[in-house]
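Given next are the chains, with one letter for each unit.
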Amino acid sequence: MNYPSAKPTGNTVGRYLIASILFLFAAGVFGWQIMNNIRFNQNVSGHLKLASDANNIELAERELTTVLNYLEANGLTSGHTSVLYEKPTEDIGFWYENLKASKAELNRAKDAEQLVQTNTLIKLRETLTDNGGEGKTKVTYPDGLARYPHNLLIGSLTWAAVFSLFGIMYYSFSEEQWKKWNAAGQPAKEDSATD
């Protein structure tokens, strides 16, 4: 059934305005998360990967120092990244102390013989990385550290942004368009029912 003579109902400009606001909100939330992840990669996980790949003590110590300085400057030395309940793998304090202990071990191995240095670098690699499920090496750090200390806020905003995507779809099309699409689907349903 078509609605050719149906007059537009509702405020089209208002609908588009609401859809635009919802779009900007969702884009802002997802953009904020992307920027957090990029900043975390630049200042923490990227340097940890370089430290684990280092071929000598000096390179590894330099990369680890860069990470520790960033963590201390940004207050990422204690707490949990968990929102609902604390998991041991999300303990920032343990992870931070482990990095400090690794740096101290590198410092002690500086003047040691080559075999000790090599073993220290192997141990550092095992501390900083894990083998993922697909055999891919992954840098170890508490889940959600890139969002810390705003994990609850960012999680809530992410859910709101996901729901706003549905709002964008709803407000982007007028009631007449929804009816037209619904009516266009009706003959196909009737044809398949008679077959």
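Before reading on, note that the structure itself is shown above.
Below is a short write-up of the structure. All of these numbers come straight from a predicted model, not from anything done at the bench. (Residues numbered from 1 in each chain as written. Predicted model: local features only at pLDDT ≥ 70, side-chain atom pairs only at ≥ 80, totals over all residues. Heavy atoms only, no water.)

### Some thoughts on the pattern of salt bridges
If you walk through the whole model with that rule in mind, you get six salt bridges. Residue E63 pairs with R62 through a salt bridge whose shortest N-O separation is 3.7 Å. Here K87 makes a salt bridge to E90, at a shortest N to O gap of 3.7 Å. For E90, a relative accessible area of 10% corresponds to the buried category. (Salt bridge = Lys/Arg side-chain N within 4 Å of Asp/Glu carboxyl O. Buried < 20%, exposed > 50% of the residue type's maximum accessible area, 1.4 Å probe, protein only.)

### Examining the environment of V44
Note that V44 resides in helix α1 (residues 12-53). In this structure, V44 is in contact with V67, Y70, L71 and W95, ignoring residues within four places of it in sequence. (Helix = DSSP H or I, 4+ residues; strand = E, 2+ residues; numbered from the N terminus. Contact = heavy atoms within 4.5 Å.)

### Some words on α1
For α1, built from 42 residues, the straight-helix expectation of 62 Å at 1.5 Å per residue is met to within 8% by its first-to-last C-alpha distance of 57 Å. Maximum bend of α1: about 55°, positioned at N41. (Expected span 1.5 Å × (residues − 1). Bend = angle between axes of the 7 residues up to and from the residue.)

### Points about the packing of aromatic side chains
Aromatic ring pairs are defined here through the distance separating the ring centres and the angle between the ring planes. According to the stated counting rule, one finds three aromatic pairs in the structure shown. Pairing W159 with F163 gives two aromatic rings, centres 6.3 Å apart and planes at 35°, and the pair type is tilted. Of this pair, W159 and F163 both sit in helix α5 (residues 151-172), separated by four residues, roughly a single helical turn. Residue F163 is classed as exposed on the basis of its relative accessible area, which comes to 54%. R15 extends its terminal NZ or CZ atom over the ring of Y170, reaching a point 5.1 Å from the ring centre. (Phe/Tyr/Trp six-rings, centres within 6.5 Å; stacked < 30°, edge-to-face > 60°. Lys NZ or Arg CZ within 6 Å of the ring centre and 35° of its normal.)

### Some thoughts on the environment of T66
Looking at the secondary structure, you find T66 in helix α2 (residues 57-73). Between the C-alpha atoms of T66 and A51, which are 15 residues apart in sequence, the distance is 9.9 Å.

### Considerations on the side chain of Q33
Positionally, Q33 belongs in helix α1. Judged by its relative accessible area of 18%, Q33 is buried. In this structure Q33 touches I154 and T158, once residues within four positions along its chain are discounted.

### A word on the nonpolar core
Considering soluble globular proteins, one finds that nonpolar side chains tend to be buried as a cluster. By size, the foremost hydrophobic cluster in this structure holds 25 residues, and its most contacted members are V44, L48, L71 and L99. Going through the elements one at a time, α1, α2, α3 (92-109) and α4 (114-128) are the ones with two or more residues in this core. Take this core: its biggest share by element is seven residues, from α2. Apart from residues lying up to four places away in sequence, L99 is in contact with L48, L64, V67, L68, L71 and L128. (Core = buried A, V, L, I, M, F, W, Y, C linked by side-chain atoms within 4.5 Å.)

### Some remarks on the packing of α2 against α3
For the pair α2 and α3, interaxial distance at closest approach is 10 Å and the crossing angle is 150°. With respect to their mutual orientation, α2 and α3 come out roughly antiparallel. Judged by the twist between their axes, the crossing of α2 over α3 is left-handed. Residues I57, A60, E61, L64, T65, V67, L68, L71 and E72 of α2 form the contact with α3, whose own contacting residues are W95, Y96, L99, K100, S102, K103, L106, N107 and A109. For the contact of α2 with α3, the residue count by class is 11 nonpolar, three polar and four charged. (Axes fitted to C-alpha atoms, helices over the stretch in contact; angles between N-to-C directions. Parallel < 35°, antiparallel > 145°, perpendicular 65-115°, else oblique. Left-handed = near helix turned anticlockwise from the far one by under 90°. Nonpolar A, V, L, I, M, F, W, Y, C, P; charged D, E, K, R; others polar.)

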